[in-house]
Structure formats: C-alpha cells, structure tokens
Amino acid sequence: MRSHMDTHTANILDGKALSDRLRGEIGKEAAELTQKHGRAPGLAVIIVGNDPASHVYVKNKKLGCEKAGIHSFSHELPADTSQQHLLGLISELNQNPKVDGILVQLPAPKHIDPETIIEAIDPGKDVDGFHPYNVGRLAARQPSLRSCTPYGCMKLLAETGLDLHGMECVIVGASNIVGRPMALELLLAGATVTICHRFTENLQSHIERAEIVIAAAGKRGLIKGEWIKQGAIVIDVGIHRLEDGSLTGDVEFDEASKKAGWITPVPGGVGPMTITMLLANTVQAFKIHVGDE
C-alpha cells in the first residue's frame, strides 16, 4: 500500500478481518461437531466482581460463542465471593461433561489469588492456556491448549507469508499471559528470540535490530517509531485509553508505520484475535473430550 513513490506506509495486519475469517471456519467446524456428537462445544465463563472493562470482555466472549455455535455458561459472582467458593465452582465445572472450557476473567478481586485459581482448572479445560501444564507443553514442543494472545499473534504473523526461521524477534514484556508464552511460540517457529523487560538496559538497541517486534509491556508509547528497523513486522499487544476516549498501544503507531513492513493497528489488531483463539481452543478441547481428534 503506497501513496507516493517517496513515502512508505506499512502493510496493516488487520486482526478484525482475519478474526472474522477464522471465526467463520470455527463456526462451521462447531456446527459439524454439534451435529455429529449431539451437543455443542461448551464454554463456562466466570467473572467475580464488577470491573467494567472485565464485563465488556466477558460480553464480547459470550457474543463470540453465540455466533460460533458454542454454548456459553455464565457465572457472574459478587465481588465478596470467597476463594473457597470460587474453587468449589471450578471443581464442579471440571466434572461437568457439557463444559469443555473454563475461563475465569482476570483480574479478580484482591482476596483471590490468580495462580491458585488458574491451577485449579483442569488443564484439558484451560482454554486460556494459562495453566503451568499447558505452558510446559508448549515449552516441551508438544503444544496442547495454547495461550490465546500469543497464539493469535502467530496467526497474524502467518498472514505476512514470511518464513520465521532464523528471524530476529524481540519481545518487550515478560508476563505469563503474553511475553513468556510468546517467546515459546516463536522458538517453536524457529525464530531467534530476545525477551526485554523492566531490567533490560538500552531497549532501543534491541528494537533497532529486530525483524519482528512484539510490544507487550503495557506502557503507552514505550516503543518509539524511529527505533523500528526498515521493513520490520510490528505486533502491538498494548491497549490504552486516552483522555479523548480513543485507544492506542505500546508503539508510536504513526512514526512506526513509516518504517515497518507490517504493523498491527490498535484497536483492530491483536484484540479480536485473542477471543478468536479462545473459541478455537474451546472447539479443540471439545474434540479432545469426545475423542474426535
């Protein structure tokens, strides 16, 4: 996409369009499986408390399920729900044969320990891909249910048509939700991976040599557009709401898109892909449970 010979604009990696296409495929597969096995894939969604952003995410997840022909079981619990009560509910859902996936919307209220909750979910129903068992499988090169955001980023990277073998990838952010599993996904794809984090010195020098930048630090505008290598692929996982209500990411988009070969917009890049991979994981979990591999 070039407007004039002397100006360069990056190709946009459109997560919304890719997501729509994949959700069509997921819906088709879910319909076939429902007909074959006499029940739809089932996703249980648990939300504790009334964090407005979390409720928006949950609503989008339910809507996504509905459109893809996945049955969603909703559990909206008050903010003062005890950890013990929540663990009891997870235990019930682990046993429920109609539930293929269990998702606890994080962050939970302060008195609930997220690690304890994640580990209580049956790894075969861990459609978020957060359980140490599933992260461990990815590390051992035997992925089962994969973390949704990194998995979505891999689908976006595939859209470039480029072979990732030997490519220099820099991930900014080392969280359990994005940075770490992202590094494992890229390793699996044969890339050379560097993870930068709060203790990294001279972030700029790492970004400048990267052929792929995955920005997942959760810091608005942390990555300057001028640092981006000519022709690099930039995947921006960050999402921040500005005072005027608009959304922006961890990367300076306007500047970066003058140098990048491919870039994800915020919004409309990684965001839609995360929920799409959740739906894909739910269908995969269903296939494992009914022995339809």
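Starting afresh in each chain, residues are numbered from 1 along the sequence in its written order. Whole-chain, interface and lining totals are the exception, using all residues; otherwise, since this is a predicted model, local features are given only for residues with pLDDT of at least 70 and side-chain atom pairs are given and counted only at 80 or more. Each side-chain value is derived from all of the structure's non-hydrogen atoms; neither hydrogens nor water enter the calculation.

1. What about the side chain of Thr-160?
Note the threshold: Runs of H or I in DSSP of at least four residues are treated as helices and runs of E of at least two as strands, each being numbered from the N terminus. Exposure categories follow from relative accessible area, calculated using a 1.4 Å probe and restricted to protein chains: below 20% of the type maximum is buried, above 50% is exposed, and the middle band is partly exposed. In the analysis that follows, any N or O atom pair within 3.5 Å is treated as a polar contact, provided that within protein one partner can donate a hydrogen and the other can accept it, and provided that, for residues neighboring in sequence, both atoms belong to side chains. Contact between two residues is taken to exist if any of their heavy atoms lie within 4.5 Å; hydrogens are not considered.
Relative to the assigned elements, Thr-160 resides in the loop between helix H6 (148–158) and strand S5 (168–172). Here Thr-160 falls in the buried class, since its relative accessible area comes to 10%. Side-chain polar atoms of Thr-160 contact the backbone oxygen of Leu-157, separated by 2.7 Å. The residues touching Thr-160, leaving out its near neighbours within four places in the chain, are Leu-13, Ile-233 and Trp-262.

2. Here's the deal with the pairing of strand S8 (residues 233–236)
The test is simple: Two strands pair if DSSP finds at least two bridges between them.
Of the two faces of S8, the one carrying Ile-233 and Ile-235 and the one carrying Val-234 and Asp-236 are both buried. The pairing of strand S7 (residues 212–215) with S8 spans 4 bridges and is parallel. Bridge pairing links Ile-214 to Ile-235 in S8. Taken together, the 2 bridges between S8 and strand S11 (residues 262–263) define a ladder with parallel strand orientation. Paired with Ile-233 across the strands is Trp-262, a residue of S11.

3. Topic: the pattern of salt bridges
Filter applied, for reference: Salt bridges are counted wherever a side-chain nitrogen of Lys or Arg sits within 4 Å of a carboxyl oxygen of Asp or Glu.
On inspection of all chains with the given rule, the structure shows 11 salt bridges. The partner of Arg-21 in a salt bridge is Glu-159, with the nearest N and O atoms 3.0 Å apart. Taken together, the residues span a long stretch of sequence, with Arg-21 in helix H1 (residues 15–37) and Glu-159 in the loop between H6 and S5 at a distance of 138 residues. You can call Arg-21 partly exposed: its relative accessible area is 45%.

4. Some details on the packing of H6 against helix H7 (residues 179–188)
The cut-off we apply is this: Between N-to-C directions, angles span 0 to 180 degrees; the directions come from axes that are lines fitted to C-alpha atoms, helices contributing only their stretch in contact. In this scheme, roughly parallel covers angles under 35 degrees and roughly antiparallel covers those over 145, while 65 to 115 is roughly perpendicular and the rest are oblique. Left-handed describes a crossing whose near helix is turned anticlockwise from the far helix by less than a right angle; the clockwise case is right-handed. Only Asp, Glu, Lys and Arg are considered charged, only Ala, Val, Leu, Ile, Met, Phe, Trp, Tyr, Cys and Pro nonpolar, and every remaining residue, Gly among them, polar.
Look at H6 against H7: their axes get within 9 Å of each other, and the N-to-C directions meet at 40°. Between H6 and H7, the angle falls in the class oblique. Considering the relative orientation of H6 and H7, their crossing is right-handed. Facing H6, whose interface residues are Pro-150, Tyr-151, Cys-153, Met-154 and Leu-157, H7 presents Pro-181, Met-182, Glu-185 and Leu-186. Residue composition of the contact of H6 with H7, grouped by class: 8 nonpolar, no polar and 1 charged.

5. Let's talk about the domain arrangement of the protein
How we decide: An automatic or database domain assignment supplies the start and end points of every domain.
When the domains of the protein are assigned, the result is domain 1 (39–122) and domain 2 (148–271). Measuring from the centre of the C-alpha atoms in domain 1 to the corresponding centre in domain 2 gives 29 Å.

6. Points about the nonpolar core
Selection rule: What we call a nonpolar core is a set of buried Ala, Val, Leu, Ile, Met, Phe, Trp, Tyr and Cys residues that are connected through their side-chain atoms within 4.5 Å.
Ranked by size, the top nonpolar core spans 47 residues in total, and within it Leu-43, Leu-157, Leu-164, Leu-186, Ile-212, Ile-214 and Ile-235 carry the most contacts. Looking at which domains feed residues into this core, each of domain 1 (39–122) and domain 2 (148–271) supplies at least three. Grouped together as the second largest cluster of nonpolar side chains are 18 residues, Leu-203, Ala-210, Ala-232 and Ile-263 included.

7. Things to note about unusual backbone geometry
Among all residues save glycine, negative phi is the norm, and among peptide bonds the norm is trans. Cis rather than trans, the peptide bond between Leu-106 and Pro-107 has omega equal to 0°. You can see Pro-107 is positioned in the loop between strand S4 (101–104) and helix H4 (114–120). Looking along the chain, the bond that leaves Val-266 and enters Pro-267 is cis, with omega of 0°. Here the phi dihedral of Arg-141 falls at roughly 65°; this positive angle occurs in a residue that is not glycine. As for its placement among the helices and strands, Arg-141 is situated in the loop between helix H5 (132–139) and H6. Given a relative accessible area of 69%, Arg-141 falls into the exposed group.

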